[in-house]
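Chain residues, written in single-letter form:
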Amino acid sequence: MTKKLKMGMVGGGQGAFIGAVHRYAAALDGEIELVCGAFSSTAEKAIASGEALSIDTARNYASYQEMFAKEMLLNKEDRMDFVAIVTPNHMHHPVACAALNAGFHVICDKPATLNLAEAKELSSLVKSTNLLFGLTHTYTGYPMVKEARSLVQQGKLGALRKVVVEYTQGWLAEAQDSDNKQASWRTDPKTSGISGCMGDIGSHAANLAEYITNESIEQLCAELTAFVPGRLLDDDGIALIKMSGGIKGILHASQVAAGEENNLTIRVYGENGGLEWHQQEPNTLVVKWLNDHTQILRTGGNHSSLSLASTRTPMGHPEGYLEAFANIYRNFTHAIKAYQQGEDASPERFDYPGIDDGVHGMALIEGLVNSHQSNEKWHKITN
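Residues numbered from 1 in each chain as written. Predicted model: local features only at pLDDT ≥ 70, side-chain atom pairs only at ≥ 80, totals over all residues. Heavy atoms only, no water.

**Section: unusual backbone geometry**
Definition in use: Strands are runs of DSSP state E lasting at least two residues, helices are runs of H or I lasting at least four, and both sets are numbered from the N terminus onward.
Lys-110 connects to Pro-111 through a cis peptide bond whose omega is -5 degrees. Relative to the helices and strands, Pro-111 is located in the loop between strand S4 (105-108) and helix H5 (116-129). The phi torsion at Ser-54 lies on the positive side, around 60 degrees, for a residue other than glycine. Inspection of the secondary structure puts Ser-54 in the loop between helix H2 (43-52) and helix H3 (64-73).

Set out below in structure tokens:
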């Protein structure tokens, strides 16, 4: 039997949303075991959360500083192999730096840090420690997203011309920032950063466009809005984008689109055809040809090795968000195992978002805000 990797977790305790998602995803393929954690910034809540998760008392820590210090003292066979960071944004940088300095690989919820300066500092530390850093840009884990990427890589669509990507939600359409834990930290600049909606979900949409096209957003022209009175960060945004390869596009994100759930949608058009994918119907990829019939591709069909490697069930058995999330964890796990064998463990080889994606993501968020605040039409993205 293949030995499981040992995972620690910072954040994700009682009352948190994304911590449980990380734990489900990490456990899905049976290759990871959660062995320790510091599950809250409050010591009492951290211990209570660990007890609820049946964490060994000796490894149920009151703080992440205590966890890293004590895990370092354990022999190599017992200590954790990597840590998952599932805190609000403002804690990503200090926890990741502490983990890397203690000798542990890191997988982190996005965005990588609170701001671009922190992201650049973290990137330098990742490279100087020669450890691995993964970022959970979940939507790149869907099999049909990978099939879309494969079609582009094969040149089936011809030279790409246009990308339209949008992520719309409605859960922040009313003022609830002080009453809802998930809303309160996401709408507070001290914990979320300089952008609300665009930083939270617009970054996912931008990453999806770049992943499928294998091109980067280089310039943008943005307008951000806080529609709810008194809200300090944007809850809606739209941007014209220019990508490498001559691609032009539109990026739209909103958390005040009343009635919407998690409507992440992307359309990519090339000289020969286009494709369309919806996160709320993730097992279907629509491919539209200039001079042929439209194709409906389904997860599990006779598709590329890239998508089939991320498919777990036969055709007709739905796979969704948790499976996509698990694909990020599985690929990162395989990278750690390769690292332990002295092999290439790069994001390019194992298809997981890495620190370069984190830095670029923060550059995009700052670029969106700077563009919105500027009188100039186009803002250049500088990583």
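On we go from here.
**Re helix H4 (residues 92-101)**
The criterion, for reference: Categorising residues by exposure relies on relative accessible area from a 1.4 Å probe, with only protein chains included: less than 20% of the type maximum marks a residue as buried, more than 50% marks it as exposed, and the intermediate range marks it as partly exposed.
Burial of H4 is extensive: seven of the 10 residues sit out of reach of the surface. Where H4 is concerned, the buried positions are His-92, His-93, Val-95, Ala-96, Cys-97, Ala-99 and Leu-100. Downstream of H4 by a residue or two, Gly-103 has a phi angle that is positive, lying close to 95 degrees.

**Considering the nonpolar core**
Quick note on the threshold: Joining through side-chain atoms within 4.5 Å is the link that ties buried Ala, Val, Leu, Ile, Met, Phe, Trp, Tyr and Cys residues into a set, and such a set is a nonpolar core. Working rule for contacts: check all heavy atoms of both residues, and any pair within 4.5 Å makes them a contact.
Grouped together as the largest cluster of nonpolar side chains are 78 residues, with contacts concentrated most on Phe-68 and Phe-133. For this core, the element with the highest residue contribution is helix H9 (residues 197-213), accounting for nine residues. Those residues within four positions of Phe-133 in sequence are excluded, and the remaining contacts are Ala-96, Val-106, Cys-108, Ala-112, Leu-122, Val-126, Phe-332, Tyr-352, Pro-353, Gly-354 and Ile-355. Formed by 26 residues, the second largest nonpolar core is a distinct cluster that contains Met-7, Ile-18, Ala-26 and Ile-107.

**Focus: the environment of Leu-172**
Mapped onto the elements, Leu-172 comes out in the loop between strand S6 (160-168) and helix H7 (181-186). Separated by 201 residues in sequence, Leu-172 and Gln-373 have C-alpha atoms that sit 23 Å apart. Apart from residues no more than four positions distant in its own chain, Leu-172 is found in contact with Ala-183, Thr-187, Val-228, Arg-231, Gln-255 and Val-256.

**Examining H2**
In plain terms, the rule: The arc refers to the directions leading from the helix axis to the C-beta atoms.
Taken together, the buried positions of H2 are Ala-46, Ser-49 and Gly-50. Along the axis of H2, the buried positions cluster into a sector of 100 degrees, meaning they face one direction only. More than 90 degrees from the buried face of H2, the exposed residues found are Glu-44, Glu-51 and Ala-52. Downstream of H2 by one or two residues, Ser-54 has phi in the positive range, about 60 degrees.

**What to know about the sheet that holds strand S8 (residues 236-243)**
We count it as follows: Being paired, for any two strands, means DSSP has found at least two bridges between them. Lines are fitted to the C-alpha atoms to define the axes, a helix being fitted only along its stretch in contact, and any angle between axes, read from their N-to-C directions, falls within 0 to 180 degrees.
Taken in spatial order, the nine strands of this open sheet run S13-S12-S11-S10-S6-S9-S8-S7-S14, and their pairing is mixed. The sheet is open, and its two borders are formed by strand S13 (295-298) and strand S14 (379-380), each paired with just one other strand. Bridge analysis of strand S7 (residues 217-225) against S14 gives two bridges, and the strand direction is antiparallel. Note on S14: the bridge partner recorded for Gln-219 is Lys-380. The strands touched by helix H6 (residues 143-153) are S6, strand S11 (273-278), strand S12 (281-289) and S13; relative to S12, the strand with the most contacts, the crossing angle is about 25 degrees. The strands touched by helix H13 (residues 355-373) within the sheet are S7, S8, strand S9 (248-254) and S14, with S7 carrying the most contacts at an inclination of about 55 degrees.

**Details of the pattern of salt bridges**
Between side chains of opposite charge, a pair can form when the charged atoms approach closely. Just so we agree on the cut-off: Any Lys or Arg side-chain nitrogen located within 4 Å of an Asp or Glu carboxyl oxygen qualifies as a salt bridge.
Scanning the entire structure with this criterion turns up 14 salt bridges. Asp-188 is the partner of Lys-190 in a salt bridge, and the nearest nitrogen-oxygen pair spans 3.3 Å. A single network of salt bridges, built from pairs that share partners, joins Lys-110, Arg-186 and Asp-200.

**Some remarks on the packing of aromatic side chains**
Convention followed: Geometry of aromatic contacts follows a simple scheme: Phe, Tyr and Trp rings, the Trp one being its six-membered ring, pair when their centres are within 6.5 Å, and the pair is stacked under 30 degrees between planes, edge-to-face over 60, tilted otherwise. Here, a charge over a ring is recorded when the distance from Lys NZ or Arg CZ to the ring centre is within 6 Å and its angle to the ring normal is within 35 degrees.
Here the structure, examined in full by the defined rule, presents 10 aromatic pairs. Ring centres 6.4 Å apart and planes at 15 degrees place the aromatic pair Tyr-139 and Tyr-142 in the stacked group. Note on Tyr-139: relative accessible area 8%, which makes it buried. Summarising the aromatic geometry, the rings of Tyr-139 and Tyr-167 are spaced 5.7 Å apart at their centres and angled 85 degrees between planes, so their arrangement reads as edge-to-face. Residue Tyr-139 is found in the loop between strand S5 (133-135) and H6, and its partner Tyr-167 is found in strand S6; the two are separated by 28 residues along the sequence. In terms of burial, Tyr-139 and Tyr-167 fall into one category: buried. Grouped by ring-pair contacts, the aromatic residues Tyr-139, Tyr-142, Tyr-167, Trp-277, Tyr-321, Phe-325 and Tyr-329 constitute a single cluster. For Arg-149, the ring lying beneath its charged end belongs to Tyr-211, and the centroid distance is 4.3 Å. Lying over the aromatic face of Trp-378, Lys-242 brings its terminal NZ or CZ to 4.3 Å of the ring centre.

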